[in-house]
Amino acid sequence: MKLLFESWRKYLVEARTLSDYNVDGSMRVYHYARSEDDTLVLDPNYFLKSRSSHSRRDYAMSSLPRVFFYTNLDHAENIVKSGRTLYTAFVNTNDIYDLTTDKQGIKDKARPYPGVNTIDFDKLLRGVESGELLDGKAYDGVFYTSGDMDVLVYFKPIEVEKFNSDNVQSED
């Protein structure tokens with residue numbers, strides 16, 4: 001039992017929010033792809049038809065087109081990295097809804113019934129993307145934690161470039 005409490009305390013201390021990744025209004029995100037091109041345009045609609053086996057469960061919760069990004073390379077799964085090239089992009093953090101802090105209470109708005117603890121993730125994602133559940137403010141993506149991974153799902157096509165480990169400091 002003591003180990004359980006120590007693990008929980010460690011999880012609470014290490015819990016991250018979007019602001020932890022915010023550097024001057026933007027954040028770097030990472031995506032692995034089966035390509036060797038220097039740049040790619042990742043279109044969320046492409047992933048509706050050509051998704052990987054490891055993202056099928058996520059799409060079972062919502063068919064809303066989206067691209068998955070890691071926000072921390074330490075969280076990247078080996079099954080995702082294997083045989084793929086690492087790409088990166090910068091996104092404006094003002095255009096991302098932080099589900100970890102959920103300042104606008106969208107989780108409660110996405111519950112199928114008041115007082116029910118489950119969340120309708122399709123309603124949640126569509127409400128963020130359209131702004132319907134957020135007083136009309138639509139967002140380009142959602143930041144959240146899944147297990148021990150920090151993830152960004154992005155709703156718009158986005159250009160990414162092959163990761164250059166020699167240039168990790170800025171967007172330039």
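Residues numbered from 1 in each chain as written. Predicted model: local features only at pLDDT ≥ 70, side-chain atom pairs only at ≥ 80, totals over all residues. Heavy atoms only, no water.

(A) Geometry of the overall build of the protein chain. Along the backbone of the protein chain there are six helices and eight strands. Put simply, the protein chain runs from its N terminus to its C terminus through helices and strands in the order α-β-β-α-α-β-α-β-β-α-α-β-β-β. Buried residues in the protein chain amount to 39% of all 172 residues. When contacts within the protein chain are restricted to residue pairs at least 6 apart in sequence, long-range pairs at least 24 apart make up 72% of them. A total accessible area of about 10600 Å² is found for the protein chain, and carbon and sulfur atoms account for 48% of it. (Helix = DSSP H or I, 4+ residues; strand = E, 2+ residues; numbered from the N terminus. Buried < 20%, exposed > 50% of the residue type's maximum accessible area, 1.4 Å probe, protein only. Contact = heavy atoms within 4.5 Å. Areas by Shrake-Rupley, 256 points an atom, 1.4 Å probe, with all protein chains shown as cover.)

(B) View of a negative patch on the surface. On the surface, D37, D38, E159 and E161 cluster together to form a negatively charged patch. Note that D38 resides in the loop between strand 1 (26-33) and strand 2 (39-42). (Patch = residues over 30% accessible without salt bridge, like charges linked within 9 Å, V, L, I, M, F, W, Y side chains within 5 Å. Salt bridge = Lys/Arg side-chain N within 4 Å of Asp/Glu carboxyl O. Lys, Arg positive; Asp, Glu negative; His and termini not counted. Charge placed at Lys NZ, Arg CZ, Asp CG, Glu CD.)

(C) Summary view of the packing of aromatic side chains. This model, assessed by the stated rule, comprises five aromatic pairs. Judged by centre distance (5.9 Å) and plane angle (65°), the rings of Y30 and F163 are edge-to-face. Of this pair, Y30 sits in strand 1 while F163 is found in the segment after strand 8 (158-162), placing the two residues 133 residues apart along the sequence. We classify Y30 as buried; its relative accessible area is 12%. Note on F69 and Y154: the rings are 6.4 Å apart at their centroids and 85° apart in plane angle, and the pair reads as edge-to-face. Of this pair, F69 sits in strand 3 (residues 67-70) while Y154 sits in strand 7 (residues 149-154); the two residues are 85 residues apart in sequence, bridging distant segments of the chain. On the accessibility criterion, F69 (2% relative accessible area) is buried. (Phe/Tyr/Trp six-rings, centres within 6.5 Å; stacked < 30°, edge-to-face > 60°.)

(D) Layout of the side chain of D102. Considering the arrangement of structural elements, one finds D102 in the loop between strand 5 (96-98) and helix 5 (106-109). K107 provides the closest opposite charge to the buried, unpaired D102, separated from it by 5.1 Å. Of note is the side chain of D102, whose polar atom sits 2.5 Å from the side chain of Y97. Those residues in contact with D102, other than ones at most four positions away along the chain, are Y97 and K107. (Polar contact = N/O pair within 3.5 Å; in protein donor to acceptor, adjacent residues only side chain to side chain.)

(E) Local environment of the pairing of strand 1. Within strand 1, eight of the eight residues are buried, which leaves the element mostly enclosed by the surrounding structure. Judged by which residues are buried, strand 1 turns out to be covered on both faces: S26, R28, Y30 and Y32 on one side and M27, V29, H31 and A33 on the other are all buried. Where strand 1 meets strand 4 (residues 85-92), eight bridges bridge the pair, whose relative direction is antiparallel. Each bridged residue has a counterpart across the sheet, and for M27 the counterpart in strand 4 is V91. (Pairing = 2+ DSSP bridges.)

(F) Structural view of the nonpolar core. Counting 23 residues, the largest nonpolar core has I106, V128 and V142 as the members making the most contacts within it. Mapped onto this core, the elements with two or more residues apiece are strand 1, helix 6 (121-130), strand 6 (141-146) and strand 7. When neighbours within four sequence positions are excluded, V128 is seen to be in contact with Y97, I106, L134, K137, A138, Y139, G141, V142 and F155. By size, the runner-up hydrophobic cluster in this structure holds 19 residues, among which are L40, A89, Y154 and V160. (Core = buried A, V, L, I, M, F, W, Y, C linked by side-chain atoms within 4.5 Å.)

(G) Highlighting the pattern of salt bridges. For the structure shown, the criterion picks out four salt bridges. Residues R126 and D122 are paired through a salt bridge, measuring 2.8 Å at the closest nitrogen-oxygen approach. With R126 and D122 both in helix 6, this residue pair falls four residues apart, about one helical turn. K156 is paired through a salt bridge with D140; the nearest N and O atoms lie 3.1 Å apart. Placement of the pair is K156 in the loop between strand 7 and strand 8 and D140 in the loop between helix 6 and strand 6, with a sequence separation of 16 residues.

That is the geometry; function is a separate question.
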